[in-house]
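# Results of the structural survey
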Amino acid sequence: MDGKSVELSGITMVFDGYTAVHPTDLTIPAGEFHSILGPSGCGKTTLLRILSGFQRPSRGHVLIGGEPVDHLPANRRPTAMIFQSLALFPRMSVRDNVAFGLEARGMGRRERSQKADELLALVALEAHADKRPDQLSGGQRQRVAVARALAVEPAVLCLDEPLSALDLKLRQHMRTELRSLQKRTGVTFIYITHDQGEALTMSDRISVMNKGRIEQVGTPTEIYDAPATPFVAGFVGEQNVFAGRVTAIENGFARLDGPGGTFTGRRMVDVSVGDEAILMVRPERTGLAGPDADDGNRLSARVEGRELEGPYLNLVARDATGRRIVLHLANDGRAHPEGGPAVIGFKPEDAIVMTAARGAAEAAARVDGAGADTVGRLGARG
Amino acid sequence: MSATVGEPPVLDVGVRANSGARFFASGAGSVLIKLYLGVFFVVLFAPIVIMVAAAFNAYPSPSITIWQGFTLKWFAAIFNDARMMTGLMNSLLIACGVIVIAIPLGLAGALLLTRLESRANGFLYTVLVAPIMIPGIVLGCTSMIFWRDAFGVDAGLFTAMMAQASFIASYCLLLFMARLSRQDRSLDEAAADLGATPFFTFRRVTLPFLAPTIATASVLAFLQSIENFPTTFFAIGPDYTLVTEIASRMRFGLSPMINAIGVIFIVVTVVASLIWASSRVRAERQARAGA
């Protein structure tokens, strides 16, 4: 099996005057594990359905392996899809399910059964070939769906949130399994998810989508550490957000003056002096400053809640302006009692400064939501 | 200790609070409800019992009050009555034809209505279901005239079959629509995605899913066809079925032969449904054993 590249060029989708996908360009090289990450309703599933041929785009072209496939219906494209519901055929045995695509291609019974058994061995289900899908567990059904899709030797495998129905343990196990399967087969995987953890752990590259637009394409590290937009920064992981006005820019760093104090962070492209901007820093890069530490940015706050996760300790603090700040600390045995004072610090290179103009309110809302969630959990414990 | 642990909590508070339930639990209410049930079953079954009994009475008109001794001659008479036997054959012939026509028609309509996403759906649904609402006389007459004037086919078994199929197909359509609405549409997409043509998908995925409904719809179509009178009567011209033949004899007074036919129908229906039910029980038991 060999993967093929996928190219979306100017793909646009309009439903009854509502634009589900704004003109989108995306190039995915052959053999890449590419995730499309975004909140529900952002257009990611529409994009996948256009690629698979279930939906005709309003405008734009799809190329697979450099060949245009716009004129091909779903059953003639070199793609296979794993549906959110898995869509296993309930009245067929597991073997017949896996062999279905081969049967549709007119392969003889013996040959296709043999091929199906090989694929079932690949996903460690050879002992269950004669069962029906409803006699299998959720994780086993998942693997049948993967084997069935791989049976037709697709160049591109599309996965539409296939793990969302599984419990946490199984989900984590299946992540590893899908990833290793992708490496072994070399098929291009396009993985739709709203779960940033899935996207970050499995993907070679990630496209982050919001409101019908791809906001950033990059490796998991780029997406996490160098988000291109406030939305990406807020959607992928948690952020502590400080608002203010940019007062100085030097050496790629921007200084931000706000009600909570003056902070410095890495300057993103479109920031200039005088702009209303936001500074964001990850909870795990936000620390407690010692008396002589040189962290660059400092502020005084009060510990409001603490949650022990074993190796980690999550603290929620509030500064004089009432801003909530979340810290993920390594559990070093110190207690950090609630109500106690805390000096919080973070390095300028761990913080990013972006203009507040585009999507800032959104990012802030998300961050506040995440913060509120943490506080809620802490409250329940406390 | 074990006595207190084993005591179930008393949960009949709701029953006590409900005055209706209390009334029926009391002696007078219990008698009343038993009386009602008794009347209900008498009204339901007494005519059948009388009809069956009269079939075995030697008296030449259906009766149980004038008993002239047990006989099976009315049953023998059916088989010696050429018109009755021809009528029965015609009925069965028409019923089989109706199944062959109505099932594909109903299925095609149901597939169209469940798959087509169009503004015309509501209109199409009304048109396709309308034959159920149209009086049988109208269907019978119009079918007869349509086939005669448009195709030069004279009224007979064929026109009766087409007239029946026109409304029985609508019943089948409703059954198929109910079934199809419960199908996971992603199964079709999954099949297409795996390279299946629409026909292959229909044969391997949709048809097996519909198989139980096809069986049910066939039985329904058969029964509807066999018992139909008005549509058949007005479309069949000089030919006749068992039912139209029985009806035409009503004018000259009834013979207990009619009762004998009734008895045969009852026996066939009861035996068939018993076989059907027991096969279902067996299939379910097998499915459970397999799981």
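Residues numbered from 1 in each chain as written. Chains lettered and ligands numbered in written order. Predicted model: local features only at pLDDT ≥ 70, side-chain atom pairs only at ≥ 80, totals over all residues.

## A word on the overall build of chain B
Formally: The numbering of helices and of strands both runs from the N terminus, where a helix is a DSSP run of H or I of at least 4 residues and a strand a run of E of at least 2. In this scheme every C-beta is placed from the backbone, and a residue whose C-beta has 20 or more other C-beta atoms within 10 Å is buried, one with 12 or fewer is exposed, and one in between is partly exposed. Any residue pair is listed as a contact if its two C-beta atoms, each placed from the backbone, are within 7 Å.
Summing up its helical and strand segments, chain B has 14 helices and zero strands in all. Secondary structure elements of chain B, listed N to C terminal, follow the sequence α-α-α-α-α-α-α-α-α-α-α-α-α-α. In chain B, which comprises 291 residues, the share counted as buried stands at 27%. Considering only intrachain contacts with a sequence separation of at least 6, the fraction spanning at least 24 residues in chain B is 73%.

## Description of the sheet that holds strand S15 (residues 287-288) of chain A
All names here are of chain A. For the record, the criterion: For two strands to pair, DSSP has to find at least two bridges joining them.
The five strands lie next to each other as S15-S19-S16-S17-S18, forming an open sheet whose pairing is antiparallel. Single-partner strands in this sheet number two, and they are S15 and strand S18 (324-330). Looking at chain direction, strand S16 (residues 297-308) and strand S19 (residues 341-346) are connected through six bridges and run antiparallel. Residue pairing across strands places Arg298 opposite Gly345, the latter belonging to S19.

## Describing the domain arrangement of chain B
Residue and element names in this part refer to chain B. As a reminder of what qualifies: In this entry, domain limits derive from an automatic or database-based domain assignment. Residue polarity is assigned by list, with Asp, Glu, Lys and Arg as charged and Ala, Val, Leu, Ile, Met, Phe, Trp, Tyr, Cys and Pro as nonpolar; anything else, Gly included, falls into the polar class.
Assigned domains of chain B: these are domain 1 (8-55) and domain 2 (76-290). Averaged C-alpha coordinates put domain 1 and domain 2 at centres separated by 37 Å. With four residues of domain 1 at the interface, the matching set in domain 2 holds five residues. Of the residues in the side of domain 1 that touches domain 2, the class split is four nonpolar, no polar and no charged.

## Observations regarding the interface of chain B and chain A
When the parts come together, some accessible area is lost, and that loss is often what is quoted as the size of the interface. Residue-level contacts link 17 residues of chain B with 18 residues of chain A. The set of elements that each furnish at least two residues to the side of chain B that touches chain A consists of helix H10 (186-193) and helix H11 (198-227) of chain B. Looking at the side of chain B that touches chain A element by element, the count peaks at seven residues for H10 of chain B. Broken down by class, the residue content of the side of chain B that touches chain A amounts to eleven nonpolar, three polar and three charged.

## As for unusual backbone geometry
All names here are of chain A. Positive phi values are uncommon outside glycine, yet Ala124 reaches one of about 60°. Among the residues examined, Ala124 registers 12 C-beta atoms within 10 Å and is labelled exposed. Even without being a glycine, Glu153 presents a positive backbone phi close to 50°. Following the sequence through the fold, Glu153 ends up in the loop between helix H4 (138-151) and strand S7 (156-160). Judged by the 15 C-beta atoms lying within 10 Å of it, Glu153 is partly exposed.

## A short note on the nonpolar core
The line we're drawing: One nonpolar core equals one set of buried Ala, Val, Leu, Ile, Met, Phe, Trp, Tyr and Cys residues connected by C-beta atoms within 7 Å.
In this structure, Ala147, Ile190 and Val353 of chain A are the most contacted members of the largest nonpolar core, which totals 94 residues. It is H4 of chain A that contributes the most residues to this core, seven residues altogether. Those residues in contact with Val353 of chain A that lie beyond four places of it in its chain are Val246, Ala254, Leu256, Gly265, Arg266, Arg267, Met268, Val271, Ala277 and Leu279 of chain A. If you look at the next biggest cluster of nonpolar residues, it comprises 35 residues, including Ala102, Ala160, Leu173 and Ala221 of chain B.

## Digging into the environment of Gly10 of chain A
With respect to the helices and strands, the residue Gly10 of chain A is situated in strand S1 (residues 6-15). When residues no more than four places from it in sequence are discounted, the contact partners of Gly10 of chain A are Pro23, Asp25, Arg59, Gly60 and His61 of chain A.

## Here we look at the environment of Leu159 of chain A
Inspection of the secondary structure assignment puts Leu159 of chain A in strand S7. The residues contacting Leu159 of chain A, other than those within four sequence positions of it, are Ile82, Phe189, Tyr191 and Ile192 of chain A.

## Quick word on the domain arrangement of chain A
Residue and element names in this part refer to chain A. What the domain assignment lists for chain A is domain 1 (6-225) and domain 2 (230-381). Computed from C-alpha atoms alone, the centre-to-centre distance between domain 1 and domain 2 is 37 Å. The interface is formed by eight residues belonging to domain 1 together with five residues belonging to domain 2. Among the secondary structure elements, those contributing two or more residues to the side of domain 1 that touches domain 2 are strand S9 (205-210), strand S10 (213-218) and helix H7 (220-225). Of the residues in the side of domain 1 that touches domain 2, the class split is four nonpolar, three polar and one charged.

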